[in-house]
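Listed here are the chains, written in short residue letters.
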Amino acid sequence: MEHKISIEELENSSSKSLNIHFEEKIEGVNCVTPIVSDLTVSSLGEFVEVRGNVKGTLLLECDLCLKEFEYKLDFEIDEMFAKNALMEEYGQETELKEGQFITDLEGGDEIDIYDLLYQSVILNLPNKKVCGINCNGDKFLKEEDLSDPRLDVFKNIQIQPK
């Protein structure tokens, strides 16, 4: 399946807009279901905007108990691309307004939707992956499993008040 959007095709479309349906698993993330996204790609003069919703289910590992659990994705995507190089001193990404960045295509003639969705999925993963509100770390966090025999000497220390 073709994952690249041609800027020329976008410019030649009657509405200067293309609707893209993406539905497949993305390499590099443990997908339970395909990542599904309906995107609208619009030409806005010197810029291209990609908007839409992204859904899917991933298999993640809990940071507390290390068990695998299913994590449902459901988020909005709104990305801007500059068709021609922006000011060279700003590098590849430039912030338009707080929290919104423009990726510079540096005169490139296409946008890689697969790569855009991969990056968006990675950025929308939780910082702390926990399988559920009641996760107590299972056996991996129990004191007896974390004990170090070298520290046994401290178990029977009696501290006498002065």
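Residues numbered from 1 in each chain as written. Predicted model: local features only at pLDDT ≥ 70, side-chain atom pairs only at ≥ 80, totals over all residues. Heavy atoms only, no water.

Engineer: Summarise the nonpolar core; cite the residues concerned and give the values.
Structural biologist: Ranked by size, the top nonpolar core spans 32 residues in total, and within it I35, L58, I111, I113, L117 and V121 carry the most contacts. Those elements that place two or more of their residues in this core are α1 (7-12), β2 (17-24), β3 (35-44), β4 (47-61), β5 (68-82) and α2 (113-123). Ignoring anything within four residues of it in the chain, the contact list for I113 reads H3, I5, F22 and L39. (Core = buried A, V, L, I, M, F, W, Y, C linked by side-chain atoms within 4.5 Å. Buried < 20%, exposed > 50% of the residue type's maximum accessible area, 1.4 Å probe, protein only. Helix = DSSP H or I, 4+ residues; strand = E, 2+ residues; numbered from the N terminus. Contact = heavy atoms within 4.5 Å.)

Engineer: I'd like to hear about the pattern of salt bridges, residue by residue, with values.
Structural biologist: Overall, the coordinates contain five salt bridges when judged by the stated rule. With a shortest N-O distance of 2.3 Å, E11 and K83 are connected by a salt bridge. With E11 in helix α1 and K83 in the loop between β5 and β6 (93-97), the pair connects residues that are 72 residues apart, well separated along the chain. A cluster of three or more residues bridged by salt bridges with shared partners is formed by E11, K16 and K83. (Salt bridge = Lys/Arg side-chain N within 4 Å of Asp/Glu carboxyl O.)

Engineer: Tell me what's going on with α2, and back it up with residues and numbers.
Structural biologist: If you check which residues of α2 are buried, you get I113, Y114, L116, L117, S120 and V121. Taken end-on, α2 shows its buried residues confined to a sector of 160 degrees, consistent with a single buried face. The elements touched by buried residues of α2 are β1 (4-6), β2, β3, β4, β5 and β8 (110-112). (Arc of directions from axis to C-beta.)

Honestly, it's all geometry; don't read function into it.
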